[in-house]
Amino acid sequence: MNIRPRFFIGAGLIILAIGYLIGNAMRTTSEYYLTVSEVAARQSELGGQAIRVAGRVKPGTVNWEPNTLTLKFEIVPIPDLNADTAPIKPVVATDPVATDPVSFRVVAAGEPKPDMFAPGRDVIVEGELGAGGVITATQVMTSCASKYKPKQAQ
């Protein structure tokens, strides 16, 4: 009869240890990213912090220097695909002063340019938001297209 309390205590400790390991693994491996608009709204709060931002490379702003491995570009919000295909378009009230779309300048130094990096491509940037809206990136990752389209006939 002495075996039962020891068995329940041992089983309880094993369950607690497994739960702790699962919880700790989920906390350390799950990372989220912010959109460009979310970073713009919380820019003063996020200044100087490590962030992960998802956006689209603004065409005409890419500057790649292979000698120094420095990549500079601007990211803008990813346009909402459903807004273009929706039969009824939402009415958006805009601030007449803030007519320019939000964008952030990204500077990544010391890392090779990602293979699929190109203007108009969706990217995820990890780095630190500095003064003037400049993100000093430690890593730039490109996203694959979420929808495959057939190759156009030539």
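Residues numbered from 1 in each chain as written. Predicted model: local features only at pLDDT ≥ 70, side-chain atom pairs only at ≥ 80, totals over all residues. Heavy atoms only, no water.

A. Examining the environment of S103 more closely. Take S103: it is sitting in the loop between α4 (81-85) and β5 (104-109). A relative accessible area of 29% means that S103 is categorised as partly exposed. Separated by 45 residues in the primary sequence, S103 and K58 place their C-alpha atoms 8.4 Å from one another. Each residue touching S103, except ones within four places of it in the same chain, is listed here: E74, I75 and V76. (Helix = DSSP H or I, 4+ residues; strand = E, 2+ residues; numbered from the N terminus. Buried < 20%, exposed > 50% of the residue type's maximum accessible area, 1.4 Å probe, protein only. Contact = heavy atoms within 4.5 Å.)

B. How the structure looks around the pairing of strand β6 (residues 122-129). In terms of burial, β6 is largely enclosed, as six of its eight residues are buried. The sheet contact formed by strand β2 (residues 50-57) and β6 spans seven bridges and is antiparallel. When the bridges of β6 are listed, A54 appears paired with I124. Of the pairings in the sheet, the one linking β6 to strand β7 (residues 134-142) comprises seven bridges and is antiparallel in character. Note that in β7 the partner of V125 across the bridge is V140. The hairpin turn running from β6 into β7, its antiparallel successor, is four residues long, and G132 in that turn takes a positive phi close to 75°. (Pairing = 2+ DSSP bridges.)

C. The arrangement of unusual backbone geometry in detail. One non-glycine residue, L69, lies in the positive phi region at around 55°. Along the chain, L69 turns up in the loop between β3 (63-65) and β4 (70-76).

D. Representation of the pairing of β5 in the model. Burial along β5 is one-sided: F104, V106 and A108 are buried, while R105, V107 and A109, pointing the other way, are not. Bridging between β4 and β5 involves six bridges; their strand directions are antiparallel. When the bridges of β5 are listed, K72 appears paired with V107.

E. The arrangement of the packing of aromatic side chains in detail. A full pass over the atoms with the stated rule returns two aromatic pairs. For the ring pair F7 and F8, a centre distance of 5.6 Å and an interplane angle of 65° mean the geometry is edge-to-face. With a relative accessible area of 56%, F7 lands in the exposed category. Residue F8 is classed as exposed on the basis of its relative accessible area of 54%. (Phe/Tyr/Trp six-rings, centres within 6.5 Å; stacked < 30°, edge-to-face > 60°.)

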